[in-house]
Amino acid sequence: MELELRYMQQQELLQELSGVLYEQRRELDTLRAELELLKKKLADEPGLVDARQQERPPHY
């Protein structure tokens, strides 16, 4: 009887973990797609990033 209870608990936990992993995978895929879109926008618009931000201040 105890083994059956442990087995059922493990099955429930595995289902829960599987759901969490699925949601994380979806979110990761979404973030990767957004990152690729932002990379493409930066590559297509060189003036989008202010070149002056990369220059050192005059006191250096």
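The coordinates are above.
Since we're looking at a predicted model, the values are computed, not measured. (Residues numbered from 1 in each chain as written. Predicted model: local features only at pLDDT ≥ 70, side-chain atom pairs only at ≥ 80, totals over all residues. Heavy atoms only, no water.)

A.B. asks: Help me understand the overall build of the protein chain in this model?
C.D. replies: What the protein chain contains, in helices and strands, is 1 helix and 0 strands. The 60 residues of the protein chain split such that 0% are buried. Counting only carbon and sulfur atoms, one obtains 56% of the accessible surface of the protein chain, whose full area is about 6400 Å². (Helix = DSSP H or I, 4+ residues; strand = E, 2+ residues; numbered from the N terminus. Buried < 20%, exposed > 50% of the residue type's maximum accessible area, 1.4 Å probe, protein only. Areas by Shrake-Rupley, 256 points an atom, 1.4 Å probe, with all protein chains shown as cover.)

A.B. asks: Can you walk me through the pattern of salt bridges in this structure?
C.D. replies: When their charged atoms lie close together, side chains carrying opposite charge are able to pair. Under the definition given, this model contains 5 salt bridges. A salt bridge links Glu 2 to Arg 6, with the nearest nitrogen and oxygen atoms 2.9 Å apart. Of the two residues, Glu 2 and Arg 6 both sit in helix H1 (residues 2-44), 4 residues apart, roughly one turn of that helix. Residue classification places Glu 2 among the exposed residues on the basis of a relative accessible area of 51%. The shortest N-O distance in the salt bridge between Glu 23 and Arg 26 comes to 3.8 Å. Note that Glu 23 and Arg 26 are positioned in helix H1 at a spacing of 3 residues, about one turn of the helix. Under the relative-accessibility criterion, Glu 23 is labelled partly exposed at 42%. (Salt bridge = Lys/Arg side-chain N within 4 Å of Asp/Glu carboxyl O.)

A.B. asks: Before we go on, may I ask you to explain a nonpolar patch on the surface in this structure?
C.D. replies: A cluster of nonpolar side chains, contributed by Leu 13, Leu 14 and Leu 17, occupies part of the molecular surface with about 290 Å² of accessible area. Note that Leu 14 resides in helix H1. (Patch = residues over 30% accessible without salt bridge, like charges linked within 9 Å, V, L, I, M, F, W, Y side chains within 5 Å.)

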